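Chain and residue survey
Listed below, chain by chain, are the residues.
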Amino acid sequence: MKMCIACGMPMTQIADYPRYDISKNYCKLCAKSDGSMKSFDEKLEELTLRYVEEHSMDYQVAKETARIILKKLPAWKRW
Ligand SMILES: [Zn+2]
């Protein structure tokens, strides 16, 4: 089983891949509509807003937390 390099989600079904393309190592949530991978800034913004929404976190705190989480993932190690 593969894990998305950009968000860590386990990809267990073909439907988890962008455009059903299992040669990709990122999931459909991390793909743009053209099938290419989203940028670090796009994922950072997404995750930040999710934390703000789900945990009522302060935007800046959520952004720092999101940055730490994302940097543990293979796609963003060098960011
Ligand atoms: Zn992903």
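Rules used throughout
Residues numbered from 1 in each chain as written. Predicted model: local features only at pLDDT ≥ 70, side-chain atom pairs only at ≥ 80, totals over all residues. Heavy atoms only, no water. Helix = DSSP H or I, 4+ residues; strand = E, 2+ residues; numbered from the N terminus. Contact = heavy atoms within 4.5 Å. Donors = N, O, S within 2.8 Å, 3.2 Å for Na, K, Ca; no water. Tetrahedral: all angles 85-135°; square planar, octahedral: opposite > 155°, others 65-115°. Buried < 20%, exposed > 50% of the residue type's maximum accessible area, 1.4 Å probe, protein only. Phe/Tyr/Trp six-rings, centres within 6.5 Å; stacked < 30°, edge-to-face > 60°. Domains from an automatic or database assignment. Buried area = accessible area lost by both parts, 1.4 Å probe. Salt bridge = Lys/Arg side-chain N within 4 Å of Asp/Glu carboxyl O. Polar contact = N/O pair within 3.5 Å; in protein donor to acceptor, adjacent residues only side chain to side chain. Nonpolar A, V, L, I, M, F, W, Y, C, P; charged D, E, K, R; others polar. Core = buried A, V, L, I, M, F, W, Y, C linked by side-chain atoms within 4.5 Å.

On to the side chain of Thr48, then. Tracing the backbone through its elements, the reader meets Thr48 in helix α1 (residues 40-55). Sequence-distant contacts of Thr48, defined by excluding residues within four places in its chain, comprise Tyr59, Ala62, Lys63 and Ala66.

The protein atoms that coordinate the zinc ion are Cys4 (SG), Cys7 (SG), Cys27 (SG) and Cys30 (SG), at distances spanning 2.2 to 2.3 Å. Coordination at the zinc ion comes from four donor atoms whose angles at the metal span 106 to 114°, giving a geometry best classed as tetrahedral. Every donor residue of the zinc ion comes from the same chain, spaced as C-x2-C-x19-C-x2-C. The class of Cys30 is buried, set by a relative accessible area of 0%.

What follows concerns the packing of aromatic side chains. A full pass over the atoms with the stated rule returns one aromatic pair. Here Phe40 and Trp76 contribute two aromatic rings whose centre-to-centre distance is 5.4 Å and whose plane-to-plane angle is 65°, an arrangement assigned as edge-to-face. Of this pair, Phe40 sits in helix α1 while Trp76 sits in the segment after α2 (59-71); the two residues are 36 residues apart in sequence, bridging distant segments of the chain. Residue Phe40 is classed as buried on the basis of its relative accessible area of 4%.

On to the domain arrangement of the protein, then. Taken as a whole, the protein is organised into domain 1 (1-38) and domain 2 (39-79). Domain 1 and domain 2 are separated by 18 Å when their C-alpha centres are compared. Between domain 1 and domain 2, the contact holds eleven residues from the first and ten residues from the second. For the domain 1 and domain 2 pair, buried surface summed over both sides reaches about 730 Å², with 62% attributable to carbon and sulfur atoms. Scanning the region where domain 1 abuts domain 2 turns up one salt bridge. One salt bridge in this structure joins Lys38 and Glu46, with 2.5 Å as the shortest N-O distance. For the pair domain 1 and domain 2, the interface holds four residue pairs in polar contact (both at pLDDT 80 or more). Looking at the side of domain 1 that touches domain 2 residue by residue, the classes come out as eight nonpolar, one polar and two charged.

Our next topic: the nonpolar core. The biggest cluster of nonpolar side chains holds 18 residues, and the ones touching the most others in it are Cys4, Ala6, Cys30, Leu70 and Trp76. Broken down by secondary-structure element, the contributors of at least two residues to this core are α1 and α2. Per-element tally for this core: the top contributor is α1, with four residues. Inspection of this core shows a minimum of three residues originating in each of domain 1 (1-38) and domain 2 (39-79). Excluding anything up to four places from it in sequence, Leu70 contacts Ala6, Phe40, Lys43, Leu44, Leu47 and Trp76.

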